Amino acid sequence: MLKFPLKSGLLFLFVALLWQGCGDKDPKPADVQIDFKTYVKSDEAVQNELIYHTAVGHYYSLLNLRYYLTHISLVKDDGTVVELKKAHLRDIHVPATKTIEAADVAAGHYTAMTFTFGIKKAENIVTFLDNTLANQNMYWPEQLGPGKFHYMKLEGQYYCGNDTCTVNNYAFHLGPTFGADYSFDVSQPIDLTIDGEKKFLEIRMDIDQWFHDPNDYDFDGWGPGIMNKPAAQEIARANGHNVFSAVVD
Amino acid sequence: MNKLAFIFLVVLVAWGCKDPEPAKPAEQEYQPTPVTLDLPYLFPKMVIPADNPLTEEGIALGRKLFYEPMLSGNGTQSCADCHMQNSSFTDPARFSIGIDGLSGKRNAMPVINVGWMDKLFWDGRANGVEDQATFPVVDPLEMHADWDQVVEKLKAIPSYQELFRKAFKTSGITKDRTVKAIAQFERTMVSYNSKTDKVAVIGGGVFYSDLEQEGFDLFNSERGDCFHCHSGILFTDNLFHNNGLDETHDGDKGLFRVTNNPADIGKFKTPTLRNIEFTAPYMHDGRFATLDEVLEFYATGVKVSSTLDPLMGHQGGIDMTPHEREAVKAYLLTLSDTTFLNNPDFFDPD
């Protein structure tokens, strides 16, 4: 007498489960991790080696690199912008700055990663960033124009590659020279679908690109410091167009 | 048999239900009073370790320990002997003399605004203020003690047991709690009352003189380029640089001693410029007796070596005129804070 209802019940449960499994599945948000990597051409950069070569014939090294990317965002195929972090200071000497993680990023298909290199003029004020020692070390003095923070400090050594010259230092510091806005926006195409599973991306800076295309940068010509040289800042901004790339792992 | 088992059970239950033995009298718990530093808004947030929050009692204990000669091997020298308040908590001697009459090879760093430092000493060998306090006690050139002996000496004094109980909720005296208390006191040693701090207050009615303003402008220019290392409101980036003192570094290799990285040879921690008027002699080895000598060095004496900092891109120096040196010096003197030198909160409590 009990047999039939039990069978029916099991059958009902099976069908219900099948129905659930075959029904429309809502895509789920997921965490996104971004690694910040430093390249010279096709290889990850090494520090303290005078091995890199500019178009004007200088060999140069990478000693220090600190830079801000702001409004790091993902853009959906419908144009929706999802900001992952307002501002990130990457310092190659501080491992904790190599990675950022955004939790529960909205599900969907993303077709671009966007950010600003540096800090836009309207936002380059003292209250835009947390008052930390690291940010204070990026202060831009008022004597060099309004705007509170450097965009980037890239430093190293260079020489001509033979015995006719000595090794010199360069400090390729970018920022709001005399109040101008040399920050620029970057948009990189990506193909990223977020649906419950953690995703990994990379933002790569190719240092070599700062020094050519369209302008060949001459360390000798510009001298050791360029914070007070609008023309050098303009060159850097123009060269910056292909410094960054985004990669989905 | 069953009856016997029943009686046994009753006895067991009775045993279990009897009043527990009176507990040992517990140490009376004392709640230390939390302290929040009232800092001017331009100062960055001080990161205080979660396991060593500031308390009135911890700071008071640290202050007493800072002036406690029992921290040295023969009971004659305290932290304050080489970090004197009227010298902005550094030593006016080029090299401090330890309890055995031996001298070190570096000038004592000032204890000022150290609460923001995560690497201390000229070579950065200490990770944080607590860690820093462990070194001089055992250094044979300084206090030349043994931490176990120091702890035993402190334990023998009832008043310290009481002070530790109030600071850490236990009268147990340990090396760890001793350096934590000293660190708490040192975090309160903040200088923020110089003329420059007053000028920074918009509408405060305090202004630089023309000469000071000229120095301020040169300090913050690409040519003077002091601001990159002596940056922000703390006037130090808390980083390590080779500022061109020497062409070779056969003697003191600085940060290299800690990292073993050849790129760090000749790099030393950037000292704060706050109270620079009172912290002579200057540089890690105290080679310059006056600010004039320092400015002369930056004007004409910078030496090139393989690890010379990229920010010192000016071979030989920045060629400041005598007038410009006077201007920079005038600006540097606006960083003097005599209230720090005379703050009774930092006096010897005994």
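If you're wondering where the values come from, they're calculated on a predicted model, not measured in any experiment.

**Describing the overall build of chain B**
Within chain B one finds 12 helices and two strands. For chain B, the succession of helices and strands along the chain, N to C, is α-α-α-α-α-α-α-α-β-α-β-α-α-α. In terms of its C-alpha atoms, chain B occupies a principal-axis envelope of roughly 110 × 50 × 40 Å. Taken over 350 residues, chain B has a buried fraction of 51%. Considering only intrachain contacts with a sequence separation of at least 6, the fraction spanning at least 24 residues in chain B is 66%. Element-wise, carbon and sulfur atoms account for 58% of the exposed surface of chain B, whose accessible area totals about 16800 Å². Positive and negative side-chain charges in chain B, numbering 32 and 50 respectively, have mean positions lying 7 Å apart.

**Comments concerning the interface of chain B and chain A**
Listed per partner, the contact involves 29 residues of chain B and 28 residues of chain A. Here chain B packs against chain A, burying approximately 2000 Å² in sum over the two surfaces, 53% of which is carbon and sulfur. A per-residue breakdown of the area chain B buries against chain A is headed by Glu222, His228 and Pro310 of chain B, which together make up 29% of the total. Counting the contacts that link chain B with chain A gives zero salt bridges. Where chain B meets chain A, there are 15 residue pairs in polar contact (both at pLDDT 80 or more). Class assignment of the residues belonging to the side of chain B that touches chain A gives a composition of 15 nonpolar, nine polar and five charged.

**Remarks on the packing of helix 2 (residues 56-66) of chain B against helix 6 (residues 175-187) of chain B**
All names here are of chain B. Between helix 2 and helix 6, the least distance of the axes is 7 Å, while the angle of their chain directions is 100°. One element, helix 2, and the other, helix 6, form an angle in the roughly perpendicular class. Across the interface between the two elements, Gly58, Ile59, Leu61, Gly62, Arg63, Leu65 and Phe66 of helix 2 pack against Thr178, Ala181, Ile182, Gln184, Phe185 and Glu186 of helix 6. Of the residues contributing to the contact of helix 2 with helix 6, the split by class is seven nonpolar, four polar and two charged.

**Comments concerning the state of the cysteines**
Residues and elements named next belong to chain B. This model, assessed by the stated rule, comprises one disulfide over all chains. In this structure cysteine 82 is a free cysteine whose sulfur lies 8.9 Å from that of cysteine 79, the closest cysteine sulfur available. Of all cysteine sulfurs in the structure, the one in cysteine 229 sits closest to cysteine 226, which takes part in no disulfide; the separation is 9.1 Å. On the accessibility criterion, cysteine 226 (21% relative accessible area) is partly exposed.

**Overview of the pairing of strand 8 (residues 108-117) of chain A**
Residues and elements named next belong to chain A. Of all 10 residues in strand 8, seven are buried; the element is thus mostly enclosed. Relative to strand 8, strand 5 (residues 64-76) is paired through six bridges, and the arrangement is antiparallel. Residue pairing in the sheet places threonine 70 in a bridge with threonine 116 of strand 8. Across nine bridges, the pairing between strand 8 and strand 11 (residues 184-194) is antiparallel. The residue bridging threonine 114 from the neighbouring strand is serine 187, located in strand 11.

**Points about the domain arrangement of chain B**
Residues and elements named next belong to chain B. For chain B, the domain assignment lists domain 1 (56-191) and domain 2 (195-334). Each of domain 1 and domain 2 has a C-alpha centre, and the two are 28 Å apart. With 26 residues of domain 1 at the interface, the matching set in domain 2 holds 24 residues. Taken together, both faces of the contact between domain 1 and domain 2 bury some 2000 Å²; the carbon and sulfur share is 60%. Counting across the interface, domain 1 meets domain 2 through one salt bridge. Across the salt bridge formed by aspartate 252 and arginine 106, the nearest N and O atoms sit 2.7 Å from each other. For the pair domain 1 and domain 2, the interface holds eight residue pairs in polar contact (both at pLDDT 80 or more).

Conventions we followed
- Residues numbered from 1 in each chain as written.
- Chains lettered and ligands numbered in written order.
- Predicted model: local features only at pLDDT ≥ 70, side-chain atom pairs only at ≥ 80, totals over all residues.
- Heavy atoms only, no water.
- Helix = DSSP H or I, 4+ residues; strand = E, 2+ residues; numbered from the N terminus.
- Buried < 20%, exposed > 50% of the residue type's maximum accessible area, 1.4 Å probe, protein only.
- Contact = heavy atoms within 4.5 Å.
- Areas by Shrake-Rupley, 256 points an atom, 1.4 Å probe, with all protein chains shown as cover.
- Lys, Arg positive; Asp, Glu negative; His and termini not counted.
- Charge placed at Lys NZ, Arg CZ, Asp CG, Glu CD.
- Buried area = accessible area lost by both parts, 1.4 Å probe.
- Salt bridge = Lys/Arg side-chain N within 4 Å of Asp/Glu carboxyl O.
- Polar contact = N/O pair within 3.5 Å; in protein donor to acceptor, adjacent residues only side chain to side chain.
- Nonpolar A, V, L, I, M, F, W, Y, C, P; charged D, E, K, R; others polar.
- Axes fitted to C-alpha atoms, helices over the stretch in contact; angles between N-to-C directions.
- Parallel < 35°, antiparallel > 145°, perpendicular 65-115°, else oblique.
- Disulfide = S-S within 2.5 Å.
- Pairing = 2+ DSSP bridges.
- Domains from an automatic or database assignment.

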